[in-house]
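Examining the three-dimensional arrangement
Here is what each chain is made of, one letter per residue.
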Amino acid sequence: MDRQPKPAKVKNKNPAPVQITAEQILRESKERTEDQTRVPRQKITDKEELDEYKLRKRKGFEDGVRRNRMGISTWLKYAQWEESQNELERARSIFERALEIDHRNQVLWIRYAEMEMKHKNINRARNVFDRAVSYLPRVDTFWYKYTYMEELLDNVAGARQVFERWMKWEPGEEAWAAYIKAEKRYHEMDRAREIYRRFVSVHPQPKNWLKWAKFEESLGRIDNARQIYQECLETLGEEFIDQNVYVSFAKFETRQKEIERARCIYKYALEKLPKGQTENLYNVYTQFEKQYGEKQGIEDVIIGKRRVKYEEELGRNSKNYDVWFDYIRLEEVAGNEAKIRDVYERAIAEVPPIAEKRFWRRYIYLWIFYAVWEETVAKDYDRAKEVYTQCLKLVPHKTFTFAKVWLLYAKFLIRRSDLGAARRSLGNAIGMAPKEKLFKGYIELELQLREFDRVRSLYEKYLSWNASNCYAWLKYGELEKMLGDVDRARGIFEIAVEQPILDMPEVLWKGYIDFETEEQQWERARDLYERLLQRTDHVKVWISYATFEATALDNGEEETARMVQARKVFDRAYTQLKKKEAKEERVVLLEAWRELERSNGTPEGLTKVEEKMPKAVKKRRRVEDESGEATGWEEYYDYIFPDDEAERPNFKLLAVAHQWKMKMAQMGSGGGIGGGGNDGDESDEEDDEEDDDADEKNEEGGEGKSSRWERDGSEGSHEDGAGPSRVRRGDDSEEDDDEPPRKRRRGSESE
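Okay, so let's go over this structure. Small disclaimer: the values here were computed from a predicted structure and weren't measured.

The subject of this paragraph is the overall build of the chain. Helix and strand counts for the chain come out as 36 helices and two strands. Expressed as a percentage of its 751 residues, the buried residues of the chain come to 38%. Sequence-distant contacts, at least 24 apart, represent 50% of the contacts inside the chain between residues at least 6 apart. A total of about 46,000 Å² of accessible surface is found on the chain, and carbon and sulfur atoms cover 48% of it.

Our focus in this paragraph is the packing of aromatic side chains. The final tally for this structure, using the stated rule, is 40 aromatic pairs. Ring geometry for Y229 against F252: centres 5.5 Å apart, planes inclined by 40°, an arrangement best described as tilted. One end of the pair, Y229, is in helix α12 (residues 222-240); the other, F252, is in helix α13 (residues 243-255), with 23 residues separating them in the sequence. With a relative accessible area of 2%, Y229 lands in the buried category. Residue classification places F252 among the buried positions, given a relative accessible area of 0%. Ring geometry for Y388 against F412: centres 5.6 Å apart, planes inclined by 40°, an arrangement best described as tilted. With Y388 in helix α21 (residues 381-394) and F412 in helix α22 (residues 403-415), this pair connects stretches of sequence that are 24 residues apart. The same class applies to Y388 as to F412, namely buried. Put simply, the rings of W143, Y144, F163, W166 and Y179 pair up and form one aromatic cluster. In this arrangement the basic side chain of K357 is found over the ring face of F402, its NZ or CZ atom lying 5.1 Å from the centre.

Turning next to the packing of α22 against helix α24 (residues 436-448). What describes two packed helices is the angle between their axes and the distance between those same axes. Running from amino to carboxyl end, α22 crosses α24 at an angle of 20°, the nearest separation of the two axes being 9 Å. Considered as vectors, α22 and α24 are oriented roughly parallel to each other. Crossing geometry of α22 relative to α24 is assigned as right-handed. Between α22, through A403, K404, W406, L407 and I414, and α24, the contact on the second element is made entirely by K437, L438, G441, Y442 and L445.

The grouping of W660, M664 and M667 at the surface amounts to a nonpolar patch, some 380 Å² of accessible area in total. Take M664: its relative accessible area is 34%, and that puts it in the partly exposed class.

Opposite charge on two side chains allows them to pair when their charged atoms are near. Scanning the model with the defined rule gives 61 salt bridges in all. A salt bridge links D487 to R490, with the nearest nitrogen and oxygen atoms 3.5 Å apart. Separated by three residues within a single helix, D487 and R490 lie in helix α27 (residues 486-497), roughly one turn from each other. Classification of D487 by relative accessible area gives exposed; the value is 59%.

A contiguous patch of negative charge, built from E624, D625, E626 and E629, is present on the exposed surface. Along the chain, E629 falls in the loop between β1 (615-624) and β2 (630-640).

Below, the discussion takes up the packing of α27 against helix α28 (residues 505-518). Axis separation between α27 and α28 bottoms out at 10 Å; the angle between their running directions is 155°. Here α27 is positioned roughly antiparallel relative to α28, judged by the angle of their axes. The way α27 lies across α28 gives a crossing that is left-handed. Touching V486, A489, R490, F493, E494, A496 and V497 of α27 are L508, W509, G511, Y512, F515 and E516, all from α28. Taken together, the residues that form the contact of α27 with α28 break down as nine nonpolar, one polar and three charged.

Quick look at unusual backbone geometry now. Here R450, not a glycine, exhibits a phi torsion of approximately 60°, which is positive. Relative to the assigned elements, R450 resides in the loop between α24 and α25 (452-465). Of note in this structure, Q520 is not a glycine but carries a positive phi near 60°.

Further remarks concern the environment of E313. Among the secondary structure elements, E313 is positioned in helix α16 (residues 295-316). E313 sits eleven residues away from W324 along the chain, and the two C-alpha atoms are 9.6 Å apart.

Taken together, the ten bridges between β1 and β2 define a ladder with antiparallel strand orientation. Looking across to β2, one finds that A616 is bridged to Y639. Taking the residues that link successive antiparallel strands as the turn, the β1-β2 hairpin has five residues, and the phi of G628 there is positive, at about 95°.

A separate point is helix α32 (residues 583-600). Given a rise of 1.5 Å per residue, 18 residues ought to cover 26 Å, and the 26 Å separating the end C-alpha atoms of α32 matches this to within 8%. For α32, the set of buried residues is R586, V587, L589, L590, W593, R594, L596 and E597.

Rules used throughout
- Residues numbered from 1 in each chain as written.
- Predicted model: local features only at pLDDT ≥ 70, side-chain atom pairs only at ≥ 80, totals over all residues.
- Heavy atoms only, no water.
- Helix = DSSP H or I, 4+ residues; strand = E, 2+ residues; numbered from the N terminus.
- Buried < 20%, exposed > 50% of the residue type's maximum accessible area, 1.4 Å probe, protein only.
- Contact = heavy atoms within 4.5 Å.
- Areas by Shrake-Rupley, 256 points an atom, 1.4 Å probe, with all protein chains shown as cover.
- Phe/Tyr/Trp six-rings, centres within 6.5 Å; stacked < 30°, edge-to-face > 60°.
- Lys NZ or Arg CZ within 6 Å of the ring centre and 35° of its normal.
- Axes fitted to C-alpha atoms, helices over the stretch in contact; angles between N-to-C directions.
- Parallel < 35°, antiparallel > 145°, perpendicular 65-115°, else oblique.
- Left-handed = near helix turned anticlockwise from the far one by under 90°.
- Patch = residues over 30% accessible without salt bridge, like charges linked within 9 Å, V, L, I, M, F, W, Y side chains within 5 Å.
- Salt bridge = Lys/Arg side-chain N within 4 Å of Asp/Glu carboxyl O.
- Lys, Arg positive; Asp, Glu negative; His and termini not counted.
- Charge placed at Lys NZ, Arg CZ, Asp CG, Glu CD.
- Nonpolar A, V, L, I, M, F, W, Y, C, P; charged D, E, K, R; others polar.
- Pairing = 2+ DSSP bridges.
- Expected span 1.5 Å × (residues − 1).

Written as structure tokens, this is what we have:
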């Protein structure tokens, strides 16, 4: 990488003795500017001097055109100078010589004609224009200038003759419009009408027909205008017709108070024109119906407009199922069954190209809505059954299936009083593609029919298919309990808890324990808790066990006796969690214990629990990355329990030793700042880190409210270069241990 050169440094930054302003710079530049040389004016006093001047100028122009014959600007300046000297013959000669060189130059012809018109040489100007339009008949400027000149001379017949000559070349639309305007200015409406007829034969665009119709309407010839619209539709045909023709025609009829005629024109246009060319037509038709139509007519227009929009979107992407849903909903609002069925058939024909369920999730609802519509709205039950059947044939069940379709089909068959077909359908579904939702739906259906033997059989198939499903085991046990077969329910729960793999074992155990509790089998429930604690010692299990003991009636009818058993469970749990050093779980356990004591216990029991409650202390620890290197510090809360604090040794002696070390370091360094270098800084930083590690270990070892560092009156240095000791300044505040070690410059250690 190339280095950029450093800017030059200004060594002397003192102000200059002579200062100058921007105003002075500008003034000096203006004063020192030299005057431009000007050609002196020459005064001609006699004819000989004039002839000499003309000869000199002509010689200069001739030399110029001789050097550059194609330089038209030189020819024009030459002719203009001769014209200024009233030498018109010479000017004409120059123009003729220039036209011989470039007769296609439009500027030459126009300047030539303007010179003749300026000096009122009308016939010569006509001659120039005649020659110009003969050589360049496609240049409209010559024709415009020619006709304008004739109109200025009030030679209307001559202007008309020029226009006729021009029209033989079939010029553009602007030329025809100029001819028509000229005839209008002289109130020759019949001639203008005839020009319009010739105009639309040469340029049969729809807009030219509309201009002709508006011309007739402006003259009050309503029948002629209507006939022009009709001729336009017949001449152009459906291939070249434009929606603007229909809109203009309908607005014309509306202005004539022919509302039904206008409505028929709009509807005819909507039927004939392609869907992509009717956007403006729909907008105008909507406004028309809002102004002159009824509610039904307005709704039909809006529905038709939205229908066109949906067709355009589906033309861009036929697999956009959201658009199909909107389109179907629109047709259902319209209420035309034939169109609704047609849209449904078109929609379900757009099968997803990939056999993955995520691509079929939206598509399958088209079949569902179709079947539901056939059943509920169209009342065609055979067609609804056929829709369900075709849908189930289309879905690749070996790859994935849709339980909702099977269940809806089964419920439809039940509504049609065909229970056997419904059961066969669900049986086929479970056989081809077993799914949890299918089992649940089938079981719920049989429960509603009170076929409990079938429900048992389904639960057995369900659990043989997925033995780890705790929901199925739980519901199976609840079923047997509902039927009054307690032993069978208990056996089901026993088989369930012995399964090697369960998806939600905590739900299953809770259901089993609740079952025994409702049956008031307190010993069985207690035995279940003990079995569960052998598998897991989660704090919630202990809390639930203690709550159970506080409510178990076999412990006595008085709350005091029940609370004794609950406290025993809490004590066991606290001891177990203390051995595991699970501080957060111990906090959760103590909070639950405290709440139970507040609601059901005694003040003495509550006091004991309060004494066990820990104190939260904010600490800091290093954060290491994946490679093991320290990246910074983070804060966290640690809990200090009173019973843990009492079991640990007293650190007061260590604090006194630390202060003695600081004083010795002060005495060894002499109390001043020496000439230590970088080695001293590095050793200081290392010692700081060692002290921080030691402080952290001391805090983790049981630093409580009573074991805090005391501030020493004098701030000295460690003998190994470490900083001043860290001091705690209160019961709940965090000290300098919260800050990462900083470098400090100190005196070097004396040897």
